[in-house]
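Residues per chain are reported as follows:
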Amino acid sequence: MRGSTPPAPTARRRPGLLQSLANIRHGERAAVAVAALFFFCVLTALMLLRPVRDALGMSQGMDQVRWLFVGTALVTLAVNPAFGWLAARLRRFPLLAATYGFFAVGLATFWALLRFAPGAVGDTSGQVFYVWFSVFNLFATMVFWALLAERFDADQGKRLFAPISVGGTLGAIFGPWLTSRLAEVVGTPALLLVAGAFVLAALALGGWLLRLLPDRKAASMRERDGPVGGSAWAGLRAVVRSPYLSGIAGYVLLMTVMATFIYFTRLQMVADVAGDTDARAAVMGRIDMWTQIAVLVLQVTLTGRLIQRFGLGIALALLPVATAVGFIGLAAYGSFVVLVVLEAGNRAMQRGITRPAREALFTVLGREDTYKAKAAIDTFVYRSGDVLGAQVEGLLGRLGFALGGLVGVVVPLAFAWTALGLWLGRAHARRAAPEAAPDASPSFPPPAAPPRRTRGSAAPSQDFP
């Protein structure tokens, strides 16, 4: 039209600092910040007490630790149907409150035992604490990641799980530091109450996160935040029937078997260099601290870009390759320094790269599988890998095989583990393809714009959605 001016070109917004570093988009910042703080509180509570658990567990020797692994697996199997029953009947926040509240009460109970009946604390109570804490460790993190897998889509899982994991890593660094500062001031029993306070803070943040994120897997508004439904044993049945879930379970099983090999090798070497419980706890605490620093460096600089650039399959395959190379190096040199490098590198890759990638695998599952099947994999299958690894390592030791014999088991398993990780990456991509949008945009919908008011029309109602 004559005299009309062409529309001005739309100015392209430059990406902010968070989007440049971690690909966090505008509508996702609040949810990512709350989720990271949530994970910070969970990992702080766990890492406050982990060195104490390990020191108590090895006080009666390596064989006792192997039997504690068996006890932990049996208790985890017994707890799984109870959790499935709760997930089928409780809404999200009551489910979080039941999980974290139960463990907060347990911490208070152990504190009361240490504070008012110290004479009753012995080898048996130490073993009970070891098993109880090991179960708590798995369920506390499993519930957190199940909530995220339900509320974030596949694209967000690949982009956001790595920066959210940074919060947990900071908590894993802060927990041992806080233990070193408070242990002599308030005493070891009071640390249980401090950990309980962080558990309750995590519960409050979980409620906040539920309000920030919509339930994208709900079929209707009526299902939003509602109970998952189904039976208590649905998770275990789903793992058996689904090739995808069976693949995830196999990957977790191999990962924990390898981690258990490293764990017992560490316990044996620590027992050689540290004579009493306090010295062993101090050595393992220092290993944990440096491991978490390595995890933090990976998460901040590499993980998110690696997953987005190469996909979940490559991210999942890196840990098996690194583990096999580390064991070969340990067999060749056999020094404590090489062990520390192997364990720090293994756990850094596991938590910094593999964990965000593995949790992203659950973003393409339905609501029931997200909680029940994930619970079965992250607790019972995980602890079964611990038991299998502990028994195989003990059998090799009784047969007189040294590290060379262990490497002969590790390397073939690492090949199978690598192939399984690559297959899971492709399977996730196939499942995520139907839900991928043509344009990459945040899944959190922006507020609806009010209808345009024309000349002479009545003022628009403020009740629009």
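From a predicted model like this one, the values you see are computed outputs, not experimental measurements.

Bringing the overall build of the chain into the picture now. Each helix and strand in the chain was counted, giving 14 helices and zero strands. Counting from the amino terminus, helix and strand elements in the chain follow one another as α-α-α-α-α-α-α-α-α-α-α-α-α-α. Evaluated residue by residue, the chain yields a buried proportion of 51% over its 465 residues. Carbon and sulfur atoms make up 65% of the accessible area of the chain, which amounts to about 21400 Å² in all.

Evaluation of the coordinates by the stated rule reveals 21 aromatic pairs. Relative to Tyr100, the ring of Phe38 has its centre 6.1 Å away and its plane inclined at 65 degrees; by these criteria the two rings are edge-to-face. Highlighted residues: Phe38 in helix H2 (residues 29–57) and Tyr100 in helix H4 (residues 92–116), separated in sequence by 62 residues. By the burial criterion, Phe38 is buried, and Tyr100 matches it. The rings of Phe38, Phe39, Tyr100, Phe144, Trp145, Phe152 and Phe161 are connected pair by pair, giving a single aromatic cluster. Across the ring face of Phe310, the terminal group of Arg309 is positioned such that the distance to the ring centre comes to 5.0 Å. Here Lys374 stacks its cationic end above the ring of Phe362, 4.2 Å away from the centre of that ring.

To continue, consider a nonpolar patch on the surface. On the surface, a nonpolar cluster with roughly 300 Å² of combined accessible area is contributed by Trp290, Ile293 and Val297. Positionally, Ile293 belongs in helix H10 (residues 277–310).

If you look at the biggest cluster of nonpolar residues, it comprises 112 residues, and the most contacted ones within it are Phe38, Val42, Leu49, Tyr100, Leu148, Leu209 and Ile248. Looking at this core element by element, the count peaks at 16 residues for helix H5 (residues 123–151). What Leu209 contacts, discounting residues up to four positions off in sequence, is Ala31, Val34, Ala35, Phe38, Leu147 and Leu148. Ranked by size, the runner-up nonpolar core spans 10 residues in total, among them Phe69, Val131, Phe264 and Leu267.

Let us now look at the environment of Leu74. Within the secondary structure, Leu74 sits in helix H3 (residues 62–89). Taking the C-alpha atoms as reference points, Leu74 and Val131, separated by 57 residues in sequence, lie 9.8 Å from one another.

Along the chain, Gly207 falls in helix H7 (residues 188–212). For Gly207, a relative accessible area of 6% translates into the label buried. On a C-alpha basis, the gap between Gly207 and Pro94 in space is 9.4 Å, while along the polypeptide they are 113 residues apart.

Along its 25 residues, helix H12 (residues 336–360) runs 35 Å from first to last C-alpha, staying within 8% of the 36 Å computed at 1.5 Å per residue. Bending of H12 peaks at approximately 45 degrees at the position of Thr354, with proline Pro356 no more than four residues after it. In terms of residue burial, H12 counts as a mostly covered element, since 18 of its 25 residues are buried.

Between two packed helices, the angle of one axis relative to the other and the distance separating the axes together describe the packing. Look at helix H6 (residues 154–186) against H12: their axes get within 9 Å of each other, and the N-to-C directions meet at 135 degrees. One way to sum up the angle between H6 and H12 is to call them oblique. For the pair H6 and H12, the sense of crossing is right-handed. Of the residues in H12, those touching H6 at Gly157, Lys158, Phe161, Ala162 and Ser165 are Pro356, Glu359 and Ala360. When the residues that make up the contact of H6 with H12 are grouped by side-chain class, the tally is four nonpolar, two polar and two charged.

Cut-off values and rules
Residues numbered from 1 in each chain as written. Predicted model: local features only at pLDDT ≥ 70, side-chain atom pairs only at ≥ 80, totals over all residues. Heavy atoms only, no water. Helix = DSSP H or I, 4+ residues; strand = E, 2+ residues; numbered from the N terminus. Buried < 20%, exposed > 50% of the residue type's maximum accessible area, 1.4 Å probe, protein only. Areas by Shrake-Rupley, 256 points an atom, 1.4 Å probe, with all protein chains shown as cover. Phe/Tyr/Trp six-rings, centres within 6.5 Å; stacked < 30°, edge-to-face > 60°. Lys NZ or Arg CZ within 6 Å of the ring centre and 35° of its normal. Patch = residues over 30% accessible without salt bridge, like charges linked within 9 Å, V, L, I, M, F, W, Y side chains within 5 Å. Salt bridge = Lys/Arg side-chain N within 4 Å of Asp/Glu carboxyl O. Core = buried A, V, L, I, M, F, W, Y, C linked by side-chain atoms within 4.5 Å. Contact = heavy atoms within 4.5 Å. Expected span 1.5 Å × (residues − 1). Bend = angle between axes of the 7 residues up to and from the residue. Axes fitted to C-alpha atoms, helices over the stretch in contact; angles between N-to-C directions. Parallel < 35°, antiparallel > 145°, perpendicular 65-115°, else oblique. Left-handed = near helix turned anticlockwise from the far one by under 90°. Nonpolar A, V, L, I, M, F, W, Y, C, P; charged D, E, K, R; others polar.

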